[in-house]
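Structure at a glance
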Amino acid sequence: MIGFNSPYFTGKETAYIKDAVNRAHISGNGYYTNKCHQFFQKKYGFQKCLLTTSCSDALEMAAILIDLQPENEVIVPSYTFVSSANAFIMNGAKIVFADSREDHPGINEDGIEELITNKTKAIVIVHYAGFACDMEKIMSIADKYNLFVIEDAAHAVDSFYDKKPLGAWGHLATFSFHETKNIMCGEGGMLVINDAQFLKRSEIIWEKGTNRAAFFRGEIDKYGWVDIGSSFLPSEIVAAFLYAQLEKIDEIQAKRIELWNFYFESLKPIAERGLLRIPAVPSYSTINGHLFYLVTNSGHQRDELIGHLKKKGIQAVFHYMSLHRSKFYTEKHDGRELPNSDRYSDCLLRLPLYYDLEQSDQETIIDEIKAYFNN
Ligand SMILES: *Cc1c(COP(=O)(O)O)cnc(C)c1O
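Residues numbered from 1 in each chain as written. Predicted model: local features only at pLDDT ≥ 70, side-chain atom pairs only at ≥ 80, totals over all residues. Heavy atoms only, no water.

Some remarks on helix H4 (residues 83-90)
Helical geometry note: an α-helix holds 3.6 residues per turn, so side chains three or four residues apart project in the same direction. Worth spelling out the cut-off: The buried label goes to any residue with under 20% of its type's maximum accessible area, the exposed label to any with over 50%, and the partly exposed label to all in between, with areas taken from a 1.4 Å probe on protein chains only. Runs of E in the DSSP output that reach at least two residues are strands. Runs of H or I that reach at least four are helices, and both are numbered from the N terminus.
Turning to H4, its buried residues number three or more, namely Ser83, Ser84, Ala85, Ala87 and Phe88. Looking one or two places after H4, you find glycine 92, whose phi comes out positive at around 95°.

Structure (structure tokens):
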């Protein structure tokens, strides 16, 4: 059996958890939380980081921070995980779904401007598979119409647009450390604040609507309820686990990129015969080895290929289903067709990719894909 994912442990996780326990501060915002924040701020130049219990929670914080008014609209790609849209709906926005690009599943930057109305407040983008969206184009559209950009960078740790890290472009950005992501702690996430106007309030929302963080820095002499908020911060146990992963980030990324490149090079000949499509990485983007996908020529073929691999003990999986066609949203959608998003819903499949995957396993997978197409 070759499973789709298998979490990688660096070996230091339990030692750091034990250390957190010995420090006798295991609620949030302590020693390891601070080490994680410092790590990201230093390595990627993010202005301020706040660990959260998930990327979904970080997105909810972002939705609160942009201060949505009734009637406000938020542009979100349809081909994404539900949390990219849910967070904004929960905070009162109407979602206007955008289509994917023809050549990869990220948002079609050229289709954004026509979706903007005088009610639009923000654009959410997703760096699918860790491939950068066209950030210069998106930021200039946002500037022109005075909109916020929120990067859902759940796939995009340690990936770059030109030389600037993903997560450093938008006014706000969110990361996921869910077990299925490159760097993980079971369930976890992070909000990145790149716009100074959000610095103070983000910390308050993070700490249940109180100015507790400022109190503990000695900036005020008592703390109280000053805004809305929730319990968005993870415990020190989670942060200690995460820190053990962050210390090994370069090694983890190098291994995943090597696996990714092996798939890419090995499947090129089949792609050149027009039998399937391999990822088209934009020239301005790095790859970060988050996920490797194929796109078949039809939905039927995708399902057959998944079935064929399953019979051979290989777990390949499809990915998102267009959100504008979901049970929850289809009635609320404005009726526009989003054909690229639908095509990726029907024809995209992801191959096993995790740190401990052996090259011999990859060879088996590639041989079975070839066998499927040669029949
Ligand atoms: C994984 C993922 C999320 C949700 O992350 P959680 O940490 O599980 O909340 C959100 N958006 C995208 C694009 C994701 O891949």
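Moving on from the model shown.
As for the side chain of serine 341
Quick reminder of the rule: Any two residues having at least one pair of non-hydrogen atoms within 4.5 Å are treated as being in contact.
With respect to the element layout, serine 341 can be found in helix H11 (residues 339-347). Apart from residues no more than four positions distant in its own chain, serine 341 is found in contact with Ser78, Tyr79, Asp99, Ser100, Ser322 and His324.

Some points on unusual backbone geometry
In this structure, glutamate 71 takes a positive phi of about 85° despite not being glycine. Residue position: glutamate 71 is located in the loop between helix H3 (55-65) and strand E2 (73-77). Residue glutamate 71 is classed as exposed on the basis of its relative accessible area, which comes to 57%. The phi angle at alanine 129 is positive, at roughly 60°, despite the residue not being glycine. By secondary structure assignment, the location of alanine 129 is in the loop between strand E4 (120-126) and helix H5 (135-145). On the basis of relative accessible area, alanine 129 is assigned to the buried category, the value being 1%.

Some details on the environment of threonine 80
Put simply, the test is: For this analysis, a polar contact is any N or O atom pair within 3.5 Å, provided that within protein one partner can donate a hydrogen and the other can accept it, and provided that sequence-adjacent residues contribute only side-chain to side-chain pairs.
Following the sequence through the fold, threonine 80 ends up in the loop between E2 and H4. In this structure the C-alpha to C-alpha distance between threonine 80 and valine 317, which are 237 residues apart in sequence, comes to 15 Å. If sequence neighbours within four positions are ignored, threonine 80 has contacts with Val126, Asp152, Tyr320 and Leu323. At a separation of 2.7 Å, a polar atom in the side chain of threonine 80 contacts the side chain of serine 84.

Some points on helix H10 (residues 299-311)
What counts, and what does not: A helix is expected to span 1.5 Å multiplied by its residue count minus one. In this context, the arc is that of the directions from the helix axis out to the C-beta atoms.
For H10, with 13 residues, the first-to-last C-alpha span of 19 Å sits near the 18 Å given by 1.5 Å per residue. Those residues of H10 lying buried are Gln301, Arg302, Leu305, Ile306, His308 and Leu309. Down the axis of H10, the sector holding all buried residues measures 160°, keeping them to one side. For H10, the exposed residues lying more than 90 degrees away from the buried face are His300, Lys310 and Lys311. In this structure, the buried side of H10 is in contact with strand E11 (292-296), H11, strand E12 (348-351) and helix H12 (359-374). Just past H10, the residue glycine 313 takes up positive phi, approximately 80°.

Side note on the site of the ligand
The test is simple: Near is defined per residue: the residue qualifies when any heavy atom it owns lies within 4 Å of the molecule or strand. Values of accessible area rely on a 1.4 Å probe in the Shrake-Rupley scheme; residue burial ignores everything except the protein chains shown. The classification used treats Ala, Val, Leu, Ile, Met, Phe, Trp, Tyr, Cys and Pro as nonpolar, Asp, Glu, Lys and Arg as charged, and all other residues, Gly among them, as polar.
Within the structure, the ligand sits among 15 residues, and Cys55, Ser56, Asp152, Ser176 and Lys181 are positioned closest to it. Aspartate 152 has a polar side-chain atom sitting 2.8 Å from a nitrogen atom of the ligand. Histidine 155 has a polar side-chain atom sitting 2.8 Å from an oxygen atom of the ligand. Starting from 380 Å² of accessible surface for the ligand in isolation, the protein chains cover 92%. Tallied by class, residues from the shell around the ligand come to five nonpolar, eight polar and two charged.

With respect to the domain arrangement of the protein chain
As a reminder of what qualifies: Domain boundaries shown here were taken from an automatic or database domain assignment. Two parts placed together each lose some accessible area under a 1.4 Å probe, and adding up what both lose gives the buried area. When a carboxyl oxygen of Asp or Glu lies within 4 Å of a side-chain nitrogen of Lys or Arg, that pair is called a salt bridge.
On domain assignment, one finds that the protein chain holds domain 1 (13-246) and domain 2 (249-374). The centre of domain 1, based on its C-alpha atoms, is set 26 Å off from the matching centre of domain 2. The interface of domain 1 with domain 2 comprises 46 residues on the first partner and 39 residues on the second. Between domain 1 and domain 2, roughly 3,600 Å² of surface is buried when both sides are summed, and carbon and sulfur atoms account for 54% of that area. Seen at the junction of domain 1 and domain 2, the total is three salt bridges. One salt bridge connects arginine 277 with glutamate 102, and the closest N-O pair in it is separated by 3.4 Å. At the boundary of domain 1 and domain 2, one finds 27 residue pairs in polar contact (both at pLDDT 80 or more). Contributing elements (two or more residues each) for the side of domain 1 that touches domain 2: helix H2 (31-44), H4, strand E3 (94-98), strand E6 (160-161) and helix H8 (236-246). Here the side of domain 1 that touches domain 2 gets five residues from one element, more than from any other, and that element is E3. Its residues placed into classes, the side of domain 1 that touches domain 2 shows 25 nonpolar, ten polar and eleven charged.

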